[in-house]
Each structure stands twice: as structure tokens, then as C-alpha cells.
Amino acid sequence: MPLRGIFLGTLPATCSLSEELSGLKRGEAAHQRVITGPTVGLLSIASGQQHSDLHLARLEAGGPRTGVPGLPSPATDVCSLQTLVQHKVVSLHSREEQTFPLSTGTTGDRPVRRRRKQLTWSGEPGATQGRAGRERTPNLTALAPAPPSSAASQRSDHRSTVEQRSFSDGSRSGPVSTFSFTITDGRIDPTAADFCRFKKQFCLIWGTLVDTLRALEKLLRRFAVPLAQVNGERLAQCARGWAVTWSWATPPVTALLSALDNQPEVWALLLRPGQRYKGEGGVEAAAVLIQSHWRGYLGRAAYMRHHRRRWAAGILAISWLKRAQRQGVRKALQARRHRQLENHQRRAQHLAANWKHIQSSKRTIIHIPSLGYSKSQRLHLKDFDILQNTQISRLCDMRTWTLSTCPPRPLGKDIAGYYARLLEFEGPEATEGNSGSKRSSLSNNKRFTIITPEAVEYFPTHSMCLSTLLKYSPRALRRIRNLVQGRRAYIVGGVAHVDDLAVADELEVAILGPEPAVAQLYGTKSGGRRIFTRAEVAVPPGLGDIYCLHQLHEALARLMVHNMEVQRWVFKMDAEFGGRGTAYCDVCHLSCYSGALQEYRRLGPDVWSKAWTQEHVHIYMDEIPAWLACYAQPANASCFPDWACFLKTFLRQGGVVEAYPPSHSVTCLTVDLLLAPGGEVSVLSCGDQLRGSCRLEALGSSVPQASVRPDALHALCSRVGRACLERHIVGYVSIDLATFLDPGTMKRKVWAIDLDLRYSDQLAMTQLLLVVTGATLDCQSCRLLVPLPTQEKFPETQSPAKHAVGHRYAVLANRLLHTNLSIFYHNVFFSMCKAHGIGYDTKRKRGTVFVLHDSIERHSIGMLTVCEDLQGSLVTFARNLSVIHQEISSPKTQGDTNFKDLLKDIEDVLQMTAQNKVQALEDETREEEPSLTLGLMML
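Residues numbered from 1 in each chain as written. Predicted model: local features only at pLDDT ≥ 70, side-chain atom pairs only at ≥ 80, totals over all residues. Heavy atoms only, no water.

In the nomenclature of an unreviewed UniProt entry, the protein corresponds to IQ motif-containing protein H from the organism Merluccius polli.

## Section: the environment of Ala 496
Applied cut-off: Numbering goes from the N terminus for both helices and strands, where a helix is a DSSP run of H or I of at least four residues and a strand is a run of E of at least two. Burial here depends on accessible area, computed with a 1.4 Å probe over protein chains only, as a share of the maximum for the residue type. Under 20% is buried, over 50% is exposed, and the range in between is partly exposed. Working rule for contacts: check all heavy atoms of both residues, and any pair within 4.5 Å makes them a contact.
Here Ala 496 lies in the loop between strand 9 (489-492) and helix 20 (499-507). Take Ala 496: its relative accessible area is 15%, and that puts it in the buried class. Here the alpha-carbon distance between Ala 496 and Val 518, two residues 22 residues apart in the chain, equals 9.2 Å. Those residues in contact with Ala 496 that lie beyond four places of it in its chain are Gly 372, Pro 516 and Ala 519.

## Let's talk about the sheet that holds strand 16 (residues 666-675)
Worth spelling out the cut-off: For two strands to pair, DSSP has to find at least two bridges joining them. Axes here mean lines fitted to C-alpha atoms, for a helix over just the part in contact, with angles spanning 0 to 180 degrees between N-to-C directions.
Pairing within the open sheet is antiparallel, and its nine strands lie in the order 20-19-16-17-18-24-27-26-25. The outermost strands of the open sheet, each flanked by one partner alone, are strand 20 (748-756) and strand 25 (840-841). Each of strand 19 (731-741) and strand 20 is contacted by helix 22 (residues 525-534), which is oriented at about 130° to strand 20, the strand it contacts most. Running at roughly 115° to strand 17 (residues 681-691), helix 28 (residues 710-726) makes contact with strand 16, strand 17, strand 19 and strand 20 of the sheet.

## As for the side chain of Arg 347
Condition: Polar contacts, as counted here, are pairs of nitrogen or oxygen atoms within 3.5 Å of one another; within protein the pair requires one atom able to donate a hydrogen and one able to accept it, and residues that are adjacent in sequence qualify only if both atoms are side-chain atoms.
You can see Arg 347 is positioned in helix 11 (residues 282-353). Engagement of the side chain of Arg 347 in a polar contact is seen with the backbone oxygen of Val 509, the distance being 3.4 Å.

## Examining empty space enclosed by the protein
Sizing a probe to match a water molecule and rolling it over the atoms shows the empty space that remains. We count it as follows: The definitions used throughout rest on a 1 Å grid laid over the protein atoms alone, on which a cavity is an enclosed set of points accommodating a 1.4 Å probe that cannot get out and a pocket is an open set flanked by protein within 12 Å on both sides along at least five of seven lines; lining residues are those having an atom within 4 Å of a point. Grid points are joined across faces, edges and corners, and a volume is the space filled by probe spheres set on the points. Gly is placed with the polar residues, together with every amino acid not listed as nonpolar (Ala, Val, Leu, Ile, Met, Phe, Trp, Tyr, Cys and Pro) or charged (Asp, Glu, Lys and Arg).
Inspection of the entire model under this criterion finds 11 cavities of 30 Å³ or more. Reported here for the largest cavity is a volume of approximately 230 Å³. By residue class, the composition of the lining of the largest cavity is 14 nonpolar, five polar and two charged.

## Description of a positive patch on the surface
Going by this rule: Like charges within 9 Å and nonpolar side chains (Val, Leu, Ile, Met, Phe, Trp, Tyr) within 5 Å are joined into patches, using only residues over 30% in relative accessible area that form no salt bridge. Only the protein chains shown count as cover for residues, and all accessible areas are computed by the Shrake-Rupley method using a 1.4 Å probe. Within this document, salt bridges are pairs made up of a side-chain nitrogen of Lys or Arg and a carboxyl oxygen of Asp or Glu, the two lying within 4 Å of each other. For this count, His and the chain ends are skipped, Lys and Arg are scored as positive, and Asp and Glu as negative. In plain terms, the charge of a residue is placed at NZ if it is Lys, CZ if Arg, CG if Asp and CD if Glu.
A surface patch of positive charge is lined by Lys 322, Arg 323, Arg 326 and Arg 330. Mapped onto the elements, Lys 322 comes out in helix 11.

## Things to note about helix 29 (residues 761-773)
Note the following rule: Each residue after the first adds 1.5 Å to the expected span of a helix.
Taking 1.5 Å as the rise per residue, helix 29 with 13 residues should run 18 Å; its terminal C-alpha atoms sit 18 Å apart, in good agreement. Of all the 13 residues making up helix 29, 13 are buried; the element is thus mostly covered by neighbouring parts of the structure. Gly 774, located one to two residues past helix 29, shows a positive phi value of around 65°.

## A look at the pairing of strand 22 (residues 783-788)
Pairing between strand 21 (residues 776-778) and strand 22: three bridges, direction antiparallel. Residue pairing for strand 22: Asp 778 is matched across the bridge by Arg 783. In sequence, strand 21 turns back onto strand 22 through a hairpin of four residues, with Cys 782 there showing a positive phi of about 55°. One ladder, built from four bridges, connects strand 22 with strand 23 (residues 804-807); its direction is antiparallel. Within strand 23, the residue paired with Leu 788 across the bridge is Ala 804.

## Some points on the side chain of Thr 468
For Thr 468, the position within the fold is in helix 18 (residues 466-471). Judged by relative accessible area, Thr 468 falls into the buried class, the value being 10%. Looking at Thr 468, its side chain comes within polar contact range of the side chain of Asp 499, at 2.6 Å. Ignoring sequence-local partners within four residues, the contact set of Thr 468 consists of His 497 and Asp 499.

## Examining the nonpolar core
Note on soluble globular proteins: their nonpolar side chains tend to be buried together. This is how it is decided: Here the nonpolar core consists of buried residues drawn from Ala, Val, Leu, Ile, Met, Phe, Trp, Tyr and Cys, with membership extended through side-chain atoms lying within 4.5 Å.
Counting residues in each nonpolar core, the largest one holds 82 residues, and the members touching the most others are Val 671, Leu 713, Ile 729, Leu 816, Phe 850, Phe 877 and Leu 902. Here Val 671 is in contact with Val 683, Ser 685, Cys 686, Leu 713, Cys 717, Val 733, Ser 734, Ile 735 and Leu 737, once residues within four sequence places are set aside. Met 573, Cys 592, Ala 632 and Trp 643 belong to the second largest nonpolar core, which has 36 residues in total.

## Focus: the packing of aromatic side chains
Short version of the rule: When the centres of two rings from Phe, Tyr and Trp lie within 6.5 Å, Trp using its six-membered ring, the rings pair. Their planes under 30 degrees apart give stacked, over 60 give edge-to-face, and anything left gives tilted.
Evaluation of the coordinates by the stated rule reveals 22 aromatic pairs. Ring geometry for Phe 459 and Tyr 472: centres 6.2 Å apart, planes at 55°, overall tilted. Highlighted residues: Phe 459 in the loop between helix 17 (455-458) and helix 18 and Tyr 472 in the loop between helix 18 and helix 19 (474-484), separated in sequence by 13 residues. The exposure class of Phe 459 is partly exposed, given its relative accessible area of 26%. Note on Tyr 472: relative accessible area 42%, which makes it partly exposed. Three or more aromatic residues joined by ring pairs form one cluster here, namely Phe 179, Phe 181, Phe 195, Phe 198, Phe 202 and Trp 206.

## Focus: the confidence of the model for the protein
For clarity, the threshold we go by: Per-residue confidence from the predictor is given as pLDDT, running between 0 and 100.
Chain-level statistics for the protein give a pLDDT mean of 77 and a share of 73% at 70 or above. In this model, residues 1-87 is a region of pLDDT below 50 whose contacts with residues beyond four sequence positions or in other chains number 137 contacts. Segment residues 792-801 is flagged for pLDDT under 50; beyond a separation of four residues in sequence, or across chains, it makes three contacts in the model.

## Examining the sheet that holds strand 5 (residues 227-230)
The strand order 4-3-5 describes an open sheet built from three strands, whose pairing is antiparallel. In this open sheet, the two edge strands, each paired with only one partner strand, are strand 4 (187-188) and strand 5. Note: strand 3 (residues 181-184) against strand 5, four bridges, orientation antiparallel. Looking at strand 5, one finds that Thr 182 is bridged to Gln 229.

## Considering a nonpolar patch on the surface
A grouping of Trp 294, Tyr 297 and Leu 298 is seen on the molecular surface, where their side chains present a nonpolar patch of about 340 Å² in accessible area. Tracing the sequence through the fold places Tyr 297 in helix 11. Assessed through its relative accessible area of 45%, Tyr 297 is described here as partly exposed.

## Things to note about the packing of helix 22 against helix 28
Heads up, the rule is: Orientation labels follow simple angle bins: below 35 degrees gives roughly parallel, above 145 gives roughly antiparallel, 65 to 115 gives roughly perpendicular, and whatever is left gives oblique. Each helix crossing is assigned a hand: it is left-handed if the near helix lies turned anticlockwise from the far helix by less than a right angle, otherwise right-handed if that turn is clockwise.
The geometry of helix 22 relative to helix 28 is characterised by a closest axis approach of 8 Å and an angle of 115° between their N-to-C directions. Overall, the two elements helix 22 and helix 28 adopt an arrangement that is roughly perpendicular. In terms of crossing hand, the pair formed by helix 22 and helix 28 is right-handed. From helix 22, Ile 531, Phe 532 and Arg 534 reach across to helix 28, where they touch Val 720, Ala 723, Cys 724 and Glu 726.

## Regarding the pattern of salt bridges
One pass over the full model with this rule turns up 18 salt bridges. A salt bridge links Asp 499 to Lys 471; the shortest N-O distance between them is 3.4 Å. In this pair, Asp 499 sits in helix 20 while Lys 471 sits in helix 18, placing the two residues 28 residues apart along the sequence. For Asp 499, a relative accessible area of 8% puts it in the buried group.

## With respect to unusual backbone geometry
Looking along the chain, the bond that leaves Val 703 and enters Pro 704 is cis, with omega of -5°. Here Pro 704 is to be found in the loop between strand 18 (698-703) and helix 28. One non-glycine residue, His 728, lies in positive phi territory at about 60°. Summarising the element assignment, His 728 is placed in the loop between helix 28 and strand 19. Given a relative accessible area of 64%, His 728 falls into the exposed group. One non-glycine residue, Lys 845, lies in positive phi territory at about 55°. Note on placement: Lys 845 falls in the loop between strand 25 and strand 26 (846-852). Residue class for Lys 845 comes out buried when judged on its relative accessible area of 4%.

## Quick notes on the pairing of strand 3
Working note: regular strand, side chains alternate between the two faces of the sheet. Residue alternation in strand 3 divides its side chains into a buried set, Phe 181 and Ile 183, and an unburied set, Thr 182 and Thr 184. In the sheet, strand 3 pairs with strand 4 via two bridges, with the strands oriented antiparallel. The residue bridging Ile 183 from the neighbouring strand is Ile 188, located in strand 4. Where strand 3 folds back on strand 4, the antiparallel hairpin that results is connected by two residues, among which Asp 185 adopts a positive phi of roughly 55°.

So, in C-alpha cells, the structure goes:
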């Protein structure tokens, strides 16, 4: 009866030695099951000679499956014993732990089964497959014909005896076998006594043992194992089981190594990094590994290159879409702004054609005191919203018409009530009694409206100009549209901004002012010089439109050579205002100046300008850079702390270099003009400036001016106004002039130094002055005429005589700053002023009036004082500043203020006024003495 016994086992699923070892341990710990089978009958037993012939035949055939005709197959070698099948306990693996044999190479002529993603033995020497870089999990293959000896195998013969001794002395796993033998350097010595004894003992299954021995030899040669102690019994048991069940596969590594007595040492050597490349076929295996790494690198590089290109293509596509979207939005905005500009020009033409009719009839004026500076300027301006509120006194520009004003910050009830009370003083009817005051109050409350844009709450920290806030305030625009519907109206703005056109287009109202592009072109310092030059008005020696450092040095050197009498040179930025972008430098610190000045005085101006100009220009240019770096000072240190910061901004924005008037007594004045759309030029206000410590920033003014002859001033302003009208500049314009005595000719000169295309602070304060005094400012004669009340009572049948007219002088300041003012509420502040006698007399038209800017911060106010003469107005103004400062300050808490600079300038003006009076008396005395002498001679 044929043998039908079955041996169950598992093969490792991976080629990793560590995993195979773990699988082996799991197999030992797995569930065990008893396998039974039927008994078999006796079979003929081949003789020992036949088994020897079988062994030789297999060696000659070169494969385990090649037999000799007439002899039994390898399977019958196991079954040839006439014994019963013994019941054995076999290790079974669960499905989760079940492993599979490694993929094999070729055995004889049979095809080889391969598994995906497993490292296999190759039929060729050194061929390995698997994951590169896993040196601690050697790549093992099935048994194949032995390759020719390579350089690695030849070097294995010269291994050190120390390593062999360490292996021979190693610990053995299990009891010592009687039929053990030794494998040295992966080769079996067939003549060794222990091997012969082992061969003789297991001659009946020698055919199966040959395959196992060859696989073990190849494994040891591939990993250059110097010495291996083989346990014969365990090797025979392993070979017998694998021959019955998986005769088509190569024994796994764990099964082969389990037959070794020095298994731990061999395992450690196999797991040593790089050990595979020291054995047989190591060079080829290393080459294959390097090639696989290189191919992997090329593949990864190609993938990354493709990934980068795909990412770049995505970025380009997104950028192109965004750019196309931005271009579409930009084109839409350009078309919208072009349409707004066309509408503005159309409405401006209609305003110019009907200007006289509009001025003679009732109209509505929309005051938008917007400061349309650049974004960087607005962000760096402290309390920008309060700064736009400083022209709240425009409310007084409403003596014969309805007015709607839009302050950027909401006004409290106290400020609204204060201005309503101020407007009660308007006109002569305010002095006729209480009934007239009540009628005036009622009419004034109906004649002005204060509207605050709701976008102030949406953008509290964006420092937007008032036009932009109003543009994003639909409710405020709707309310203004309802107020001006069906009425003649126009807008009076501030610093021109492009959003002014958007607001005007929404309201369908004309703007009394130039286009934003024209205002930006001629509203700069360089643009003002061009207009003054066109109007043939005297300007300081200088040069505009400077944008590079070499141009600055060369222009300054030439100007200094041609104007040797100038002691100070001033640098002004084009886009700044209020003395922020101004710096100066004195020529007395220049080493070559004293020698050049002596030479200039010796030769005279004519000879100097012809013979010595070019030589001294080069001398000045060599010293100017160091001179400016050491001695140039910005006028406003809070904006630009040093010359380097100032110069960087100056060259970016552009600017001018001008001469400071060569005199110790210089008076600056401001003239406000109205350039009507119909072509008329009107002078609305004129006043002498009160300046700070550096003499380059205006803090206030005295109205009317008293430093230039009225006829000369009017002629100069008319020429400038006509030059502006030629360049399509209409609306409110402010001109800054400087007057001084020329030291060479001792004649008074007037220089035009600045041009502002906007509604000025002085004009706003002048409107308040005219309302509270009921006066008329005659700019032709520079007189402020105030109607005085009559005390006589006339019968009802007689008409009253004309009001008496008096002369007044006023001192105005719209930006008085003191941080300690925020401590007091407005009612407390007025009570304090009343206690010190600071107030306004409505009958005598003299006293003090304050301008309130804000209900929250309260650290900024305006003030005007009115008196019969200029000296009295200055003294009253100075006394008020001193009293307020003393009341709100202490020696330890002085606060930040500009009161002190203004007081110092007022003192200088008072001294100059006193000297002028003395000199006037002396001149009158000199004129009277010749006439008295002539009369005595005639007698």
C-alpha cells in the first residue's frame, strides 16, 4: 500500500532574515496538531550500492530531480523503509501568521515560481531584487548552480583564523549531535571524518540531503561565513520534511540555519551591514544595488522635475488668472474714473457759465474738508481725523446761503450747540436786541446741517481721507442728495483727491476746484515755482524738480556761487505741508565760504560772475556732501530725526532748494484767493504769519496784514491768479509770501515762496472772525471794518443813521496743541476762562473766541482775539496763552504744547512793532523840522 503521510508546514513570506526568524519563533509557539495516516506495506529496499549510485547520478545530472533510470524517485527514498508511519506533532500556523516560500530561481529544467515584491535568489551570481538600502535584511535566494569563483570568493580563502576560532568556540543551540560536521568558508570537505560518518549514517536519504547541503553551502559562501557547525540529525529532519511536502521549493533560510549548532553567531554575521558584499558574487550584488539606487534616483529626480513643472504650471495659471482679473478690475476702474472725470468737466463748464447767477442767488455749499494726502503721509500723521476737523469753522461761511458740512469725526452736542450760539452773532441784527437774536438763532439752525459719514465706524484705524469715507457711506450720500435736490449747489473740498470726483458723481454736483491731476501737478513746491515764474513774480533763488543726489549737490553749489549774500539755504519736499518736509543749512559752517565771500566783495558781482564761477563751483561741490551731513537740520524733528532720513524721502518725492531771505527781519504773510470759474480773481483774506522757533512753520496769523503795501500785494495776487486760471486751476488758492529789506539796496522785497491749492486754515478762521464781529475785510486797503452800534434812539418816522464803522485787528491760530487740555471738559474750560476775564464783548466787538475741534480728545483748539490795534490783539493773545498754560499745567506736568513757540514769536513781533512806532515818530519829526525852518525863513 503506497505511503500517504502528509507533512504540513509553512514558508516565510518575505526574504528578510529578521522576519524569517520571527516567523520561526511564532511557528514554535503556534498551535500543534497531531497528524495521522494509514500504514503501508513492505517495499523492496535498495542496497547501499544502489544509493551510492543514486548519489553519483544526481551529482552528474546537476539537479536534485534528475534520477537514474530504473531507480526510485527521491520521494521513494523516504518511503523505502519498511516501517509504519509514526504519529508526529507538527507545528501549524494561523492564517494571519502563515508565510510562503521565497521565490526561487531555476532548478534543473523546471520553471520557477516568483512572488511580487519579494527578494529572490537569481539563477545568475549576485542577482538580487528587493528594496535598496536594507542591509540588515539580507536578500536570500533559492539554490542554483554554483557560479564561477569571483574575486570575492577568492578573497574568502584568506580570512583570519581569529574569526574562525571565535565561531568554533561559540555557543551551540541544543545538545551536541553525534553526526555533526563542519563547513569552512562555505565548502564541505568530503574527506573529513565527521562528514564521512554523517554521510554513512544518512545514506538512505542522501539524494534529499544533497539539495539541502548545496543550498546551505551557497548561503554560507554568499555571506562569507568562515565556520559553520552543522547538526546532522536536525539537517536530516529538515531535508526529509522539505523533500516530501515542498520538493519544488528551496529550503528557507530559517530552516537551513536551524540545523546549525552555532546559529546565533551565523545569524549575527548574516545581519551585519555589508556582509553580503564580502561573499561570493558580492561585487555583482553591489553593482546591482548601486544600479537600483541610481535608477531610483533618476526616477525620483524625474518625478520631482515633473512635480515642480506641474506646480510651476499651476502657479503660472493662477497668476495669469489673477493678473487677468486685476486687469479687468483696473480697466473697469479706469473707465469709471474716466467717466467721472468727463462728468466733472461737464458740470464745471456749467458752473462757470452760471457762476454769476449762482453767486447772486441762494445756493447750497457742501463743505468737505478732506485732506487727500498720500497713504504714507496719512498713516504717519498723528490724529489725522482730528486734523480734518480743524476747519470746522467753515460753518461760518453761510451768511446768505444754506450749508451742509461733513466732518470726519462725530461732533458732540456741546460742540454743535457752541457753534449754533456763535452763529447768533451774525450781522447787525444780532445787536438789536433779544428778539433779533432769537430770530437769527432759529434761521441759523435751519441754514446749516452737519453730516458725519457712517464709514468712520467701519474704518476707525485706516486713516482715510474724508472723501474716501464719504464714498463708502451710502446713507450719508443719500441724505446729502436729498438736501441738495432741486437746488443750486457745489462742493468745496480740501486737498484734492481722486475720490472727490466719485462723491461729486454720486451727488451729481459740481466741484469748485481743479481736477485732482492738475492739483497734484501744481500743488507741489516745484509746481508752485513754475506758476510764480509764469506770473513774473519774484521768487527766491533756487531750483525745483530735484530727484538725485548729484543734481542736488551741483544745483546747490551753483546757487551758492551766484548768491554769495545768502546765509541759509532751505530744502523743501514737493508733497509735504506745514513745515514737515523742510530742512535748512547755514553757509557759515562751510570752510571755503569766508574766502570766497572776501573775493566776491573785492571783485564785485559783475566780475565775480564771469571769471570765478566755475572754479568755485568745483570747490563747493567737494565740500557740500560733508557740510550737509554735519550741519543740515530738519525743521520738524518728530517727522525726520536727522538729515539722512530727510534726504532719503526728499530724493524719493522730489523737492526744491531755495534761498532763505538774507535779512534778520523777515515777515511772512498768507493771502487767500478765490479763482472764480468765470475768470475773476478775488482776495478773501490776508494776514501776517506767526511762526515757530525754526521760522519755517506757520502757527497763526494776524489779520489784516500790515507788512506789504496793499496796492503792490493786490497786483501780485492778480498776476498769480491769472496764471492759475490759465492752467485750469479754479477755486480757493493760498499764497505764501516773504517780505524783507534787501541789505544791498535797503528796499523792501517780496518773494513768493509757496502755493497751496486748497481752502486754508486762515480763511476758515477769517470766516469765523467775520461772523462774530459782523465785520467786512477790505483787502484792497487791508482794513477790517466793524460796524459799531449806535446809542441814539430815533423816532419811528425817521430812519436810523448809518452804523459807525471802527477798525479792528485780529490774531488767529487754528492749531493750538496742549496735551493737558484733555483733562478738562469744555464747560469747565469755559468756566476757567470766564474766571480770568477771557471772553468776547458782543457790543464792543472785541475779546476772545475759541474754536473747538473734538469732543473726545480735547487737546487741540483754535483761538482768535480781536482788538482796536494790532499790539492790543497780540498782547491779549499772549496773555490768554499764558493764563491757560498756567491753569492746566504744573511744574512737573508741563505737557506737550506749541504755546511756548507761539509766545516767543509774539514777543518778537511786539518788539518789532514798538521799534516801528518809534521809527515812525522819528520820521514824522524829521519831516516837520524842514517845513518849520522853511516857514521861519519866509517870515
